[in-house]
Amino acid sequence: MSEAAIIRANNLVKWFGEGEARTVAVKQASFEAHYGEMLYIVGPSGSGKTTLLSIISGILRPNEGSVVVEDHDLWSMTDDELADLRLNKIGFVFQDYHLFPRLTTLENVAIPLILKKMEWNEALKLAREYLEIVGLKDRAELQPVKLSGGEQQRVAIARAIAGKPDLLIFDEPTASLDGDTGRKIVEFVKSNILNEKRAIIIVTHDSRIYEFADRIMKMEDGKIVGYETNHFNEK
Amino acid sequence: MKPVSGIYRIALKLLMNDKSKFTALLVGITFAVFLMVMMMSMFSGILARSCAPVYNIGAKVWVMDPAVNNTNSSIPMPDYILSASRSIPGVKYAVPLYFGSALLKLKDGTYQAATVVGLDDSTLFGRPEMIEGRIEDIFAENAFVVVKDAEFPKLENPKIGTEFEINDNRGTVVGIARAASSGLFGVPTLYTTYNRAITYIPSARFTTSYVLIEPKSDADIPGIQKAIAKLGYEALTRDQFVKKVSNFYTFKTGVGMNIMMMTAISFVVGLSISGQTFYTFILENIGKFGAMKAIGAKGNELIAMILAQAFVTSLIGYGLGVGAASTFIIIAKLRMPDYAAQLTFQTLGLALVMVMIIAGFSSYIGVRKVLQIQPFDIFRG
């Protein structure tokens, strides 16, 4: 793990609603994630993990505070600049994968490349290489619904890394998988996807995969309440 | 690099691979286009037929009673109108035209209504194109020229020499002619001379249905119209007369309103089916569109995708609908010569505009929904 931070969040505050209905979801949250690091954000339901994840990935504007990804101050950017930054710097793996059921696995993986204005055949060629990385080259022409949950998760990972992002965001990656498959997926990500030029942030409350984290950031009631460093994984 | 083609390809695959939705959309739009085109074609055909005599006679200026609102309901004018017309500066020549109806007794004893056109004896102005016989034979005793159109068989497919009775007068077919357009009312048309027409067919005190004027030049037409107006009558150019007849059928009979309503209903049906199906499609994929937004798709790219889906589907539906309507009209005309529908460029253009409105409406509700979805909602589930 490098000491250089890929992302710096400073005093983030986010509330929803106004007046008496106001709910503060994130309170004065500051943290950093480093290149080569697998950082977990954990906490009970309603602790603000997902809100924090959305703010640091440039899809939910905070009420206060700033987020700097590499040298880009996210919340001083326009919507289109943010979209470009997400496309080029951040990869997402959603809890429900959100793969298009009417497209083939290969076409799903090619979406970020097509959004990057890559020519169709070239995008498919490259997408096939990413499917090979996640071990699903032979499933390229199948529709996602014909794949198992673990395989769909791998397709989502292939799609997330297809854009060569520096930061990968996983939202509850094991929530829809059985324990063994969930562990295998995270282990795979740790061994094959994480590298010194990339950081991975995982929001989870699945303690069975904590062993793969480099650091675990704990949240409660919108606050960061502490860190745990997994010394076993220190490189 | 082809910057947008990939996005469109993804968009179309998303929709077309959803076979049930795509089929429902296509069926809805095709059916709506079919109905709209059929309705407008029927109306167009009716209008064309209602104006058929104006085209067939071909005069540049028609003089008539101002109360005339369609060719068949001519109001006879006094003879001095013809004389007065001839004396108007700018008139090259003016001739009378008789236009009326008669009952013909055929050889088998049955009666058949027919339209009789009486052409000016000295010029035969407005004569039809002959396909059998010679037009000069119209001056022979009891001579009539029969128009070979969709109604021709109603006169038992007469040949040259065929005889019939018209108001106790003998009529003899001396020629078969071709007319540019068939009439609206499903009756055969006979041509004869003006004098024979007013002699054989009982008429009121006045006998001239129309005065047909050939101006020296088009620039003389406004002056001629003013001079005729001073006489208390109306002089209309061919286009003005066609417009007057069209307006009559469109606005003063039930035909126009009924067909317009049916067209509007077809449009609403297409709009509803297409809008509803497309909205359901967008709703089913809303999470995926949100995920695309999170990945980095811009608002305008998602709009482009939805527009591509709506407009390509609509254009395919338009093509199928027009194809179905054309096939129907062709088959109907082969089996029913009286069938009046005609497909015009205006009809196709208007149907295209309505389909584009359907596509625009469908995309609008889709675009609204997709732009409303926030990537944050995807994380929240």
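Refer to the structure printed above.
This structure is a prediction, so every number in the text was calculated from the model and none was measured.

Engineer: Could you clarify how one ought to interpret the environment of A:Arg61 in this entry?
Structural biologist: Residues and elements named next belong to chain A. Mapped onto the fold, arginine 61 is located in the loop between helix 1 (49-56) and strand 4 (64-69). Classification of arginine 61 by relative accessible area gives partly exposed; the value is 38%. Separated by 70 residues in sequence, arginine 61 and leucine 131 place their C-alpha atoms 33 Å apart.

Engineer: Looking at this model, I keep getting lost on the sheet that holds strand 1 (residues 5-16) of chain A. Mind explaining?
Structural biologist: Residue and element names in this part refer to chain A. Strand order in the open sheet made by the four strands is 2-1-4-5, with antiparallel pairing throughout. Pairing within the sheet leaves two strands with one partner each, and these edge strands are strand 2 (23-34) and strand 5 (72-73). Pairing analysis gives two bridges linking strand 4 to strand 5, with the strands arranged antiparallel. Each bridged residue has a counterpart across the sheet, and for valine 68 the counterpart in strand 5 is aspartate 73. Packed on one face of the sheet, helix 1 meets strand 1, strand 2 and strand 4 and runs near 125° to strand 1.

Engineer: Can you walk me through helix 5 (residues 149-162) of chain A in this structure?
Structural biologist: Structural remark: α-helix, 3.6 residues per turn; residues separated by three or four positions point the same way. Across its 14 residues, helix 5 of chain A extends 20 Å between first and last C-alpha, which sits within 8% of the 20 Å expected from 1.5 Å per residue. Counting buried residues in helix 5 of chain A gives 12 out of 14 residues, a clear majority hidden from the surface. Packed against the buried residues of helix 5 of chain A are strand 6 (90-93), helix 3 (105-115), helix 4 (120-133), strand 7 (167-171) and helix 6 (179-193) of chain A together with helix 9 (286-295) of chain B.

Engineer: Even after reading the chapter, I still don't get the nonpolar core, so can you show me in this structure?
Structural biologist: A:Tyr40, A:Leu52, A:Ile56 and A:Ile201 are the most contacted members of the largest nonpolar core, which has 111 residues in total. Apart from the residues within four sequence positions on either side, A:Ile201 is in contact with A:Ile7, A:Ala33, A:Leu39, A:Ile41, A:Leu53, A:Ile56, A:Leu167, A:Leu168, A:Ile169 and A:Phe170. Core analysis: the next-biggest nonpolar cluster, separate from the first, contains 35 residues, B:Leu47, B:Leu119, B:Leu236 and B:Val245 among them.

Engineer: Looking at this structure, how should I read the pattern of salt bridges?
Structural biologist: Side chains carrying opposite charge are able to pair once their charged atoms draw close together. All chains considered together, the criterion is met by 26 salt bridges over all chains. A salt bridge links A:Asp180 to A:Lys184; the nearest nitrogen and oxygen atoms lie 3.5 Å apart. A residue pair is termed a helical-turn pair when its members lie 3 or 4 positions apart in one helix, as A:Asp180 and A:Lys184 do in helix 6 at four residues. Between B:Asp137 and B:Arg134 there is a salt bridge; the shortest N-O distance is 3.0 Å. Counted as one network, the salt bridges with shared partners bring together A:Glu70, A:Lys89 and A:Asp166.

Engineer: Would you mind showing me how to read empty space enclosed by the protein here?
Structural biologist: Sizing a probe to match a water molecule and rolling it over the atoms shows the empty space that remains. Evaluated as defined, the whole model comprises four cavities of 30 Å³ or more. There is about 80 Å³ of room inside the second largest cavity. In terms of lining, the second largest cavity is formed by A:Arg86, A:Leu87, A:Ile90, A:Gly91, A:Phe92, A:Pro112, A:Arg159, A:Ala160, A:Gly163, A:Pro165 and B:Ile295. Counting only elements with at least two residues in the lining of the second largest cavity, the list comes to helix 2 (79-89), strand 6 and helix 5 of chain A. A per-element tally of the lining of the second largest cavity places strand 6 of chain A first, with three residues. Residue classes in the lining of the second largest cavity are distributed as seven nonpolar, two polar and two charged.

Engineer: Sorry if this is basic, but what is going on with helix 3 of chain A here?
Structural biologist: With respect to burial, helix 3 of chain A is a largely interior element, 11 of its 11 residues being buried. Along helix 3 of chain A, the residues classified as buried are A:Thr105, A:Leu106, A:Glu107, A:Asn108, A:Val109, A:Ala110, A:Ile111, A:Pro112, A:Leu113, A:Ile114 and A:Leu115. Lining the buried residues of helix 3 of chain A we find helix 2, helix 4 and helix 5 of chain A together with helix 1 (5-16), helix 9 and helix 10 (299-335) of chain B. Where helix 3 of chain A ends, the next residue or the one after it, A:Lys117, has phi of about 70°, a positive value.

Engineer: Please clarify how the interface of chain B and chain A should be interpreted in this entry.
Structural biologist: How big an interface is tends to be expressed through the accessible area that disappears when the partners come together. Counting from both sides, the interface comprises 28 residues of chain B and, opposite them, 32 residues of chain A. Approximately 3,100 Å² of surface area, both sides summed, lies buried where chain B meets chain A, with 69% of it carried by carbon and sulfur atoms. Where chain B meets chain A, there are eight residue pairs in polar contact (both at pLDDT 80 or more). In terms of residue count, the dominant contributor to the side of chain B that touches chain A is helix 9 of chain B (eight residues).

Engineer: It is not clear to me how the packing of aromatic side chains should be interpreted in this structure. Could you clarify?
Structural biologist: Evaluation of the coordinates by the stated rule reveals 14 aromatic pairs over all chains. Aromatic side chains A:Phe92 and A:Phe94 sit 5.8 Å apart centroid to centroid with 0° between the ring planes, which places their arrangement in the stacked category. The pair A:Phe92 / A:Phe94 is uniform in exposure class, with both members buried. Each ring, one from A:Phe100 and one from B:Phe289, has its centre 6.2 Å from the other, and the planes form 75°; the classification is edge-to-face. Of this pair, A:Phe100 sits in the loop between strand 6 and helix 3 while B:Phe289 sits in helix 9, placing the two residues on different chains. Its relative accessible area of 0% is what places A:Phe100 among the buried residues. Of the residues examined, B:Phe289 reaches a relative accessible area of 0% and is grouped as buried. One aromatic cluster is present, formed by B:Trp62, B:Phe99, B:Tyr210 and B:Phe241 through successive ring pairs. Here the guanidinium or amino end of A:Arg22 rests over the ring plane of A:Trp15, the centre of that ring lying 4.0 Å away.

Cut-offs applied
Residues numbered from 1 in each chain as written. Chains lettered and ligands numbered in written order. Predicted model: local features only at pLDDT ≥ 70, side-chain atom pairs only at ≥ 80, totals over all residues. Heavy atoms only, no water. Helix = DSSP H or I, 4+ residues; strand = E, 2+ residues; numbered from the N terminus. Buried < 20%, exposed > 50% of the residue type's maximum accessible area, 1.4 Å probe, protein only. Pairing = 2+ DSSP bridges. Contact = heavy atoms within 4.5 Å. Axes fitted to C-alpha atoms, helices over the stretch in contact; angles between N-to-C directions. Expected span 1.5 Å × (residues − 1). Core = buried A, V, L, I, M, F, W, Y, C linked by side-chain atoms within 4.5 Å. Salt bridge = Lys/Arg side-chain N within 4 Å of Asp/Glu carboxyl O. 1 Å grid on protein atoms, 1.4 Å probe; cavity = no way out; pocket = protein on both sides within 12 Å on 5 of 7 lines; lining within 4 Å. Points joined across faces, edges and corners; volume = space filled by probe spheres on them. Nonpolar A, V, L, I, M, F, W, Y, C, P; charged D, E, K, R; others polar. Buried area = accessible area lost by both parts, 1.4 Å probe. Polar contact = N/O pair within 3.5 Å; in protein donor to acceptor, adjacent residues only side chain to side chain. Phe/Tyr/Trp six-rings, centres within 6.5 Å; stacked < 30°, edge-to-face > 60°. Lys NZ or Arg CZ within 6 Å of the ring centre and 35° of its normal.

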